[in-house]
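# Notes for the structure review
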Amino acid sequence: MLMEQLKEITGIQDQQVLYKALKPSVWCFHKENLMSHRALEASAEENAARMKKKRCEAQSEMCSPADWIRQDDWPVGIRNVGNTCWFSAVIQSLFHLPVFRRLVLNYHLSERILEKCKSHADKRNIAFMQELRCLFALMVGSTRRFVDPSAAVELLRDAFRTSEAQQDVSEFSHKLLDWLEDAFQLAANGKNAEDKQQNPMVQLFYGTFVTERRHEGKTLYNIEQFGQYPLQVNGFNNLDECLEGAMVEKEIESLHSDHAVTSGRERWFKKLPPVLTFELSRFEFNTQLGRPEKIHKKLEFPQIVYMDRYLHKNIERTNERRGEVKKLKEQLATLQQKLECYKNYGSGPMKYPLADMLQFVLEFATTKPTSVSPAEDPRLTTSSPPTVSHPLSDAIAKDSSEPGDKDSSDSLVSSVSNCQQTPIYKPFTQCKHPTDCLPHPAPHSATEEELHFVKTCLRRWRTEVEHDINELKTSIDKLTQTLEGMYSDNSLCQVPYRLHAVLVHEGQASAGHYWAYIYDHANQRWMKYNDVSITESSWEELERDSFGGMTNASAYCLMYIDDRLPQLITGTTTLSCQVLHGMDSLPAALRRYVQEDNRWFQQELSEWEEQFCQTATPQEESATPVEPPSSSVENTELTPVEPAPQSGPSTEEVEQGATSEARSGSEEEKTMMLTPAMQGVILAIAKARQTFDKEGPEAGLIKAFHEEYSRLYELSQEEITPQEDARLQHALVYFFQNKAPKRVIERTLLEQFTDRNLSFDERAISIMREARAKLRLIKPEDMDMEEYMQWHDDYRDFRTVFVYLLTGLEHYQHGKMREALNYLAHAYETNAALLGKGEKRGVNKALIAVYRRKCLTALNDSASRLFCSGEEGKVEEGLSIMDEAVIPCLHLMSRDSALSQEDRDAMENIRSHWCCCLGQDMDDSLQVKLGELLPRVLDGSSGTVVLKDPPKVHVNQAHDLCSRLAAVMESIHNTTVVTVQ
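In every chain, residue numbers begin from 1 and rise along the written sequence. Totals for whole chains, interfaces and linings use all residues, but because this is a predicted model, local features are given only for residues with pLDDT of at least 70 and pairs of side-chain atoms are given and counted only at 80 or more. Each side-chain value is worked out from all heavy atoms of the structure, with water and hydrogens disregarded.

Below, the discussion takes up the packing of helix H13 (residues 315-343) against helix H17 (residues 448-484). The N-to-C vectors of H13 and H17 enclose an angle of 155°; their axes lie 10 Å apart at closest approach. In terms of orientation, H13 and H17 fall into the roughly antiparallel class. Regarding H13 and H17, the two cross each other, and that crossing is left-handed. Counted together, Val325, Leu328, Lys329, Gln331, Leu332, Leu335, Gln336, Lys338, Leu339 and Tyr342 of H13 and Val465, Asp468, Ile469, Leu472, Lys473, Ser475, Ile476, Leu479, Thr480, Thr482 and Leu483 of H17 form the full contact between these two elements. Lys, Arg, Asp and Glu make up the charged group, whereas Ala, Val, Leu, Ile, Met, Phe, Trp, Tyr, Cys and Pro make up the nonpolar group; the residues left over, Gly among them, are polar. In terms of residue class, the contact of H13 with H17 is built from twelve nonpolar, five polar and four charged. All axes here are fitted lines through C-alpha atoms, helices being fitted over the stretch that makes contact, and every angle between N-to-C directions spans 0 to 180 degrees. The helix count covers DSSP runs of H or I at least four residues long, the strand count covers runs of E at least two residues long, and both are numbered beginning at the N terminus. Angular relationships are summarised with four words: roughly parallel below 35 degrees, roughly antiparallel beyond 145, roughly perpendicular across 65 to 115, and oblique for the angles in between. Crossing handedness is read from the near helix: turned anticlockwise from the far helix by less than a right angle, it gives a left-handed crossing, and turned clockwise, a right-handed one. Any two residues having at least one pair of non-hydrogen atoms within 4.5 Å are treated as being in contact.

Position of proline 566 among the secondary structure elements: in the loop between strand S16 (553-562) and helix H19 (578-581). Counting along the chain gives 467 residues from proline 566 to valine 99, while the straight-line C-alpha distance between them is 9.9 Å.

Turning next to the pattern of salt bridges. Here, a salt bridge means any Lys or Arg side-chain nitrogen found within 4 Å of an Asp or Glu carboxyl oxygen. Enumeration according to the criterion identifies 31 salt bridges in this entry. Aspartate 489 is the partner of arginine 321 in a salt bridge, and the nearest nitrogen-oxygen pair spans 2.6 Å. On the criterion of sequence distance, the pair formed by arginine 321 in helix H13 and aspartate 489 in the loop between H17 and strand S12 (496-507) is long-range, its members being 168 residues apart. Taking relative accessible area as the criterion, arginine 321 reaches 15% and is therefore assigned buried. Think of it in three bands: with a 1.4 Å probe and only protein chains considered, a residue is buried below 20% of the maximum accessible area for its type, exposed above 50%, and partly exposed in between. Overall, aspartate 489 belongs to the partly exposed group, its relative accessible area being 25%. Two residues, aspartate 903 and arginine 853, come together in a salt bridge whose shortest N-O distance is 2.7 Å. Of the two residues, aspartate 903 sits in helix H33 (residues 901-916) while arginine 853 sits in helix H31 (residues 845-868), which places them 50 residues apart along the sequence. Here the two residues aspartate 903 and arginine 853 agree in accessibility, since each one is buried.

Side chains on a regular strand alternate between the two faces of the sheet. The buried count for S12 comes to ten of twelve residues, which makes it a mostly enclosed element. Two strands form a pair only when DSSP identifies at least two bridges running between them. Sheet topology note: the strand S11 (residues 304-306)/S12 ladder contains three bridges and is antiparallel. Looking at the pairing, tyrosine 306 lines up with proline 496 of S12. Where S12 and S16 come together, nine bridges link them in antiparallel fashion. Bridging from a neighbouring strand, tyrosine 497 pairs with aspartate 562 of S16.

Moving on, we get to the packing of aromatic side chains. Stacked, tilted and edge-to-face are the three classes applied to pairs of Phe, Tyr and Trp rings, where Trp contributes its six-membered ring and a pair requires centres within 6.5 Å; stacked means planes under 30 degrees apart, edge-to-face means over 60, and tilted covers the rest. Evaluation of the coordinates by the stated rule reveals 31 aromatic pairs. Measuring from ring centre to ring centre gives 6.1 Å for tryptophan 86 and phenylalanine 87, while their planes differ by 90°; the resulting arrangement is edge-to-face. If you follow arginine 852 out to its NZ or CZ, it ends over the ring of tyrosine 828, 3.9 Å from the centre. Whether a charge lies above a ring is judged from NZ of Lys or CZ of Arg, which has to be within 6 Å of the ring centre and within 35 degrees of the ring normal.

Here the focus is the side chain of serine 281. Note that serine 281 resides in strand S8 (residues 275-281). Its relative accessible area of 18% is what places serine 281 among the buried residues. If we ignore the near neighbours within four places in the chain, the residues touching serine 281 are Leu231, Gln232, Val233 and Ile295.

Moving on: the UniProt feature "coiled-coil region" (unreviewed entry) in the protein chain. UniProt positions are given in the numbering used here, feature names are shortened, and annotations may be inferred rather than shown by experiment. What UniProt calls "coiled-coil region" (unreviewed entry) maps, in this numbering, to residues 318-345. Summarising residues 318-345: 93% helix, 0% strand, and an end-to-end C-alpha distance of 40 Å.

Turning our eyes to something else, we now look at unusual backbone geometry. Phi is positive for glutamine 524, close to 55°, though the residue is something other than glycine. Within the secondary structure layout, glutamine 524 lies in the loop between strand S13 (512-520) and strand S14 (525-530). For glutamine 524, a relative accessible area of 62% puts it in the exposed group. Although it is not a glycine, lysine 739 adopts a positive phi angle of roughly 55°. Assignment of secondary structure puts lysine 739 in the loop between helix H26 (731-737) and helix H27 (742-752). The exposure class assigned to lysine 739 is exposed, which follows from its relative accessible area of 71%.

Where helix H30 (residues 817-835) meets H31, the closest approach of the two axes is 9 Å, and the angle between their N-to-C directions is 145°. The crossing of H30 and H31 is left-handed. Counting all contacts with H30, which are made through Met817, Arg818, Ala820, Leu821, Leu824, Ala825, Ala827, Tyr828, Glu829, Asn831 and Leu835, the residues of H31 involved are Lys845, Ile848, Ala849, Tyr851, Arg852, Cys855, Leu856, Ala858 and Leu859. For the contact of H30 with H31, the per-class residue count stands at 15 nonpolar, one polar and four charged.

In this section: the side chain of aspartate 903. Given a relative accessible area of 1%, aspartate 903 falls into the buried group. Residues adjacent in sequence count toward polar contacts only when both atoms are side-chain atoms; beyond that, a polar contact is any pair of N or O atoms within 3.5 Å, and within protein one must be able to donate a hydrogen and the other to accept it. Reaching out from aspartate 903, the side chain makes a polar contact with the side chain of arginine 853 at a distance of 2.7 Å.

Right, let's talk about the environment of arginine 145 for a bit. Structurally, the position occupied by arginine 145 is in the loop between helix H8 (120-141) and strand S2 (146-147). A relative accessible area of 31% places arginine 145 in the partly exposed class.

To qualify as a nonpolar core, a set must consist of buried Ala, Val, Leu, Ile, Met, Phe, Trp, Tyr and Cys residues joined through side-chain atoms within 4.5 Å. Ranked by internal contacts, the top residues of the largest apolar core, which has 92 residues, are Phe735, Phe753 and Trp914. Among the elements that line this core, the one with the most residues is helix H29 (residues 785-813), at 13 residues. Bear in mind that the domain bounds are from an automatic or database domain assignment. Looking at which domains feed residues into this core, each of domain 4 (675-765) and domain 5 (784-980) supplies at least three. When sequence neighbours within four positions are dropped, the list of residues in contact with phenylalanine 735 reads Ala740, Val744, Ile745, Thr748, Trp791, His792 and Tyr795.

In structure tokens:
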């Protein structure tokens, strides 16, 4: 029974581990040193077992264990162990708050307090704190790129067993703070659990507010405590509006008295916590559908918010400003109503700008009279009269005259007087080009005196109207500026709170993904924490992902910190020096725990490398002595793939050393290793054989390094063609062509010589070890790893673009337009970002664009045919094609400022085609669906439509990619399907 409870509380399922760490009669109430050492030792073994158990799973995410290694001082990620991105987002935002990190790492309970912990809740909270301390310690000093939070997550999940879906982060955050508060309460005051004033969690995260309620002439006060302060999103545009709405409630008429009595309620912050968290209510329950829905409305928030206007001590000053704001808003509303009357003038259902209407009347009056009756005009007797839009609509669309511009007005009048006017063709509102010019309406007769009088009046009135409009706009602008600066004076800017973290949710109410943007105060930059992926970000990216309104991603939690308290973000451990100096800040027990985990991790890497080397060793190696390779590899049997084109030694030199590498009959050994990059390294080592034998491994490495460096530089000078792109063979060719920094090139090449694939003979192993030793000598200050990783990310994106292009063309070749468009659209977007950095950073964008355009046109034609068929199933299929493929692609293209004219024409043709459907006879249900579809097709400014990610594809060897592309292009141009295995 006791062991089952221990399993439930600690998450450790191995009884031997529990027996080894704990005595049978007591649960963690031993003397502190013994308890800490054994519990941490057991936890380290459990953590190592978990990581080793999931090694195969991690291999599917990252290509080799070398990718599991933490790079320099880069922050550590948190592994997603099954719908736990919510855990990672919240924990990262708290961990990177130094004051909170210190509290957790230095958490301590005396033996006397431990002996009093009898309840299940206390034991659970202590166990969770222990797991959280271990997790934080690993995030400080681990050599892993990411850590496994399974033990802490399982303890939390026990509290949410009623729901198997992703946890609501708001609920999880409340539960987390409750547990932490209870755990720290034990440490703060073991005698009096009711007194929470000394609880660090309360001091850090909790504040108080005053509620003032006016009822029947009396003012009632109530002081309440708050942690995460909830704010409504609906009805507000920014954070200040949300706070104003939360602080003041409208007056409500009383129902419990004989006469009308009003009561109101105001909230004022009495004490603000150092860490102020706002919980944005982005979910609401739809009673009609019976399910929750997410609110995607845009809500802006600043990097610094001043809380003075919401404090109870500033109540008089704030109420005075609110009164002024109310008056200014009333004035602003009045002016806007007046301006609206000028902009939408008329008594009927159709309203138009008054200044334009006066101009149209002037145009009518000055049109040359005609003696022919409109009914007798031969141009009106054709069997199919062209569609003519309303003259007011046309005039509004083309009106560009400046207010008070007499010359433009006169020229317009004179042009109108000529009846041979050419109407403007509008592809969105007309289906066909007008076939003939119809005469404009004109007065039957008008004397010069009448015309002069009318022109004088209309021009004067139009000038007066334009003058009034300009005055209204100027007044509105002044009032708006006054409103914006109402709370910006120095007296109300004394309590600044700086944005520390933004927790983002992407998806719908029922499911989605969570990540966090956290400000790196030491380096003054924004970082994005997305499970194991941690990247540098920017405020612009944060705005795009967090404000909402554009995509289905938006912020649901904002964490601000008091900018007047520097101790919140300073301490012995910072984001910029975690690995080098962070271990020194850990307590001795946690330091030993991290060192033990790092030892386990190093052992895992060694085991993986040993297993890989055993797999790579040919079966006949034990029977045939290995001869040192010479300086050529053309006949080498190390790999079944063809060597990539490269400059190197002659065939005679190659044959000398190639026979030393035995052939393997195993399929696994045949397909296991060599990329063109590794072939070049093996060739360079072979050419350095004599230097190695005479001067040792260091000289051999230097010789091989220079040989490979020279070969790749010569390869980079070759001309780039889609059928033979040397950049695909090696990252250094890409780096040379794009003039990467020399330090990036040299480190990349040095890392090639540390590859475990070189463990095929003693000479290669010696050079590999020498290269690893030299790589370790490169200090963090000698290399800008951010720059280094950015170059490698760009090269990875380049290869991805090529693979997306190739896969898209192969789908196009087989008539799978929908899949082809998805790949080609993503290829174009990623390639455009690369080309923005340099002309040789990506592939030829014209090649991608032409086939993207063909797929887009073909899919649109197919969707149109299905929709116009009228059959329910085909209509839905056509709409699905439009919503999932055509419309997202149109939206992406519409945002491209460098879009070619051919692409622009294709977009116009697609939109015009759907506009023409308005004139066709169809059922009412189809008309409704067409009405819903057209705005999405025509409006490219909307950001709510996102093209789904294409399926992951395998990046093949370079020669295979080029040969596949050549075969596909030949097949497309010859109209015969060619399959390349």
